[in-house]
Amino acid sequence: MTWRRWASPAAPLALALLAVTGCESTPAARAKPTPEPSATPVARVCAKPAPGPATAPDGAVTVDPAVVGDLATKTKNSPPNTTFWLRPGKHTLTPDRYAQVIPKEGNRYLGAPGAVLDGRKKNQYAFGGAARDVTIRHLTVQGFVAPQDQGVVNHDSADGWVIEHATIQHNSGAGLMAGARQQVRASCLRGNGQYGLNAYKPGNSIKGLVMEGNEIVGNNTDDWERRREGCGCTGGVKFWAVNGADIRGNWVHDNRGTGLWADTNNNDFRIEDNVLEANDGAALIYETSYNAVIRDNTIRRNNWVEGRDKAERGDSFPFATVYVSESGGEPRIRARTDKIEIYRNVLENNWSGITLWENADRFCNSPANTSSGDCTLLVRDTDRCARPAIATAPLYADCRWKTQRVEIHANRFVLDKSVVKCTEKCDRMALLANYGTYPKWSPYQGEKVAEAITRAQHNRWHDNVYVGPWTFVAQDTSQVLTFKGWQAKPYQQDAGSTLAPRAGG
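Residues numbered from 1 in each chain as written. Predicted model: local features only at pLDDT ≥ 70, side-chain atom pairs only at ≥ 80, totals over all residues. Heavy atoms only, no water.

The secondary structure content of the chain amounts to 7 helices and 37 strands. On C-alpha atoms alone, the chain measures out to a radius of gyration of 24 Å, which is about the 23 Å that the 2.2 N^0.38 rule sets for 505 residues. Of all 505 residues assigned to the chain, the portion counted as buried reaches 61%. Within the chain, contacts between residues at least 6 apart in sequence are counted, and of these 73% link residues at least 24 apart. (Helix = DSSP H or I, 4+ residues; strand = E, 2+ residues; numbered from the N terminus. Rg over C-alpha atoms; globule rule 2.2 N^0.38 Å. Buried < 20%, exposed > 50% of the residue type's maximum accessible area, 1.4 Å probe, protein only. Contact = heavy atoms within 4.5 Å.)

Written out as structure tokens, the structure is:
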């Protein structure tokens, strides 16, 4: 498997900054934007985990922390659908890196108050195997050393697992992998070396994933982007080719890198009622994927580290807190929506706002496609995307992941530069592409993609509220606009929106 990275924009054009002058606004919004932010409740799971049962449930097999390997041995010797109760204390496996527990179908693992399964930096994995419908509750799993891109709990991405009231912390690799119909609820995914959760399964068969009420904090402690620059392999949660996901009520904060990152052929996501804050990079990246609803989230103080770093290097690309990259609505792909709709969110004091981007050189079968080996969901055979067929319909359209049918409305964008501690490049909303140049046989050379994403692919901002000194980028990085210019022809964005440039401080 080839791991993908965030697509880098082509060499930026010269940036011409235009000053915002005065208070520019349009008539009152037609849709009611999100009200003033208040103290948003968050899923404070890590500080106060819910205690497990203090006594063994009827019929449960009791696991003794004083016996090394007791959990794996009793799992092996018990039938499917067995409930195991782990006594208080530190449980360990035998000191072999492959000594993980291999559950049987329907097994349930319940931790008593204070029950910990500790890998002692000796074991790579805690729970693996292909058994379906396994449940893990009220258990702390820590100290395992999974390799890069691999996970500690549900290592083999089995289907139907339920992880509830668990603490998965201080492991290498990913704390948790995912399978189809997996539910992760009210759990603490904290301080893992790469991801809190890596939702990847060979064969791209993850469907119906639910993540609800979790705290996802401080992950990527091993700083993989520094160790492998451009790997795109870090953050709180990474989703790969997941079809149908509900991500709601989570507190995703203080992760090194991106908070939530959906990368390559994801579809039908609902990301709602989350608090995404203080992540070093973007709060949310939705990349080369389809059909999503992003609503009612509180998004604050994200992208300060990565955004500032890019600005100090002189990069004029509008690195955003919500980054939609080669992703859009596609009615031909079945989902609960046929567009990407971003609404009723509060974005407060982040490094920049929302960027819609499409790399003209990135398409199926292009050497510039960092999702190497993958094609769009509309063209399964990568080799079809070649001359001469790619130059005409239907492949001209279907060989591209297109940023299209994105609607951004009824959001509140607040920026106080004295809080973010910036003077420029932290205040941008953007809709753009690069000038197509590569490869030589590409039918998308020149300004074709930039003109399409800006004017022809039904991407629309409207009825938003802006507080603070926002600027707007359209078509390419050289077109930096005032609010009035953003609303005027030829772009005609943000009808019904208002801007109070000085109110943000």
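Still to come is the rest of the account.
This brings us to the state of the cysteines. Within this structure, the stated rule accounts for 5 disulfides. The partner cysteine of Cys46 in its disulfide is Cys188, sulfur to sulfur 2.0 Å. One quick way to see it: the torsion about the S-S bond of Cys46 and Cys188 is about 100°, and its sign makes the bridge right-handed. Residue Cys46 is found in the segment before strand 1 (61-63), and its partner Cys188 is found in strand 13 (residues 188-190); the two are separated by 142 residues along the sequence. Here Cys46 falls in the buried class, since its relative accessible area comes to 9%. With a relative accessible area of 0%, Cys188 lands in the buried category. (Disulfide = S-S within 2.5 Å.)

On to the layout of surface pockets. Its boundaries defined by the atoms lining it, the second largest pocket holds a volume of some 300 Å³. Lining of the second largest pocket is provided by 14 residues; of these, Asn204, Ala241, Asn265, Leu377 and Arg380 occupy positions nearest its centre. For the lining of the second largest pocket, the residue count by class is 6 nonpolar, 5 polar and 3 charged. (1 Å grid on protein atoms, 1.4 Å probe; cavity = no way out; pocket = protein on both sides within 12 Å on 5 of 7 lines; lining within 4 Å. Points joined across faces, edges and corners; volume = space filled by probe spheres on them. Nonpolar A, V, L, I, M, F, W, Y, C, P; charged D, E, K, R; others polar.)

Inspection of the entire model under this criterion finds 26 salt bridges. Of the charged contacts, one joins Asp133 and Arg181 as a salt bridge, the two residues approaching to 3.4 Å between their closest N and O atoms. A residue pair is termed long-range when its members are at least 10 positions apart, and Asp133 in the loop between strand 5 (115-118) and strand 6 (135-137) and Arg181 in the loop between strand 11 (174-177) and strand 12 (183-185) qualify at 48 residues. Exposure remark for Asp133: the relative accessible area of 33% places this residue in the partly exposed category. Taking the shortest distance from any N to any O, the salt bridge between Arg185 and Glu212 comes out at 2.2 Å. Here the residue Arg185 occupies a position in strand 12, and Glu212 occupies one in strand 15 (residues 207-212), the gap between them amounting to 27 residues. Shared partners join several salt bridges into a network, and the residues in it are Arg185, Glu212, Asp246, Arg248, Asp268 and Arg336. (Salt bridge = Lys/Arg side-chain N within 4 Å of Asp/Glu carboxyl O.)

Looking at where Leu378 falls in the secondary structure, it is placed in the loop between strand 29 (354-358) and helix 4 (395-398). Of the residues examined, Leu378 reaches a relative accessible area of 25% and is grouped as partly exposed. Taking C-alpha positions, Leu378 is 53 Å from Asp64, a pair spaced 314 residues apart along the chain.

As a further point, take helix 1 (residues 70-77). Along helix 1, the positions that sit buried rather than exposed are Asp70, Leu71 and Thr75. Buried residues in helix 1, looked at end-on, bunch into an arc of 125°, giving them a common side. Seen from the open side of helix 1, the exposed residues pointing more than 90 degrees away from its buried face are Lys76 and Asn77. Tucked inside the fold, the buried residues of helix 1 contact strand 1, strand 2 (83-86), strand 3 (89-92), strand 4 (108-111) and strand 5. (Arc of directions from axis to C-beta.)

Evaluated as defined, the whole model comprises 1 cavity of 30 Å³ or more. By volume, the largest cavity amounts to about 30 Å³. Taken together, the residues of the lining of the largest cavity sort by class into 5 nonpolar, 4 polar and no charged.

Attention shifts here to the environment of Ala320. Positionally, Ala320 belongs in the loop between helix 3 (304-312) and strand 26 (322-325). According to the relative accessible area criterion, Ala320 is buried, its value standing at 1%. Here the alpha-carbon distance between Ala320 and Asn303, two residues 17 residues apart in the chain, equals 7.4 Å. Filtering out sequence-adjacent residues up to four positions away, Ala320 remains in contact with Ala282, Asn303, Trp351, Ser352, Gly353, Ile354 and Thr355.

Along the chain, Arg387 connects to Pro388 via a cis peptide bond; the corresponding omega equals 0°. Tracing the sequence through the fold places Pro388 in the loop between strand 29 and helix 4. Along the chain, Lys489 connects to Pro490 via a cis peptide bond; the corresponding omega equals 5°. Its identity as a non-glycine residue notwithstanding, Arg120 has a phi of 55°, on the positive side. One non-glycine residue, Asp223, lies in positive phi territory at about 55°.

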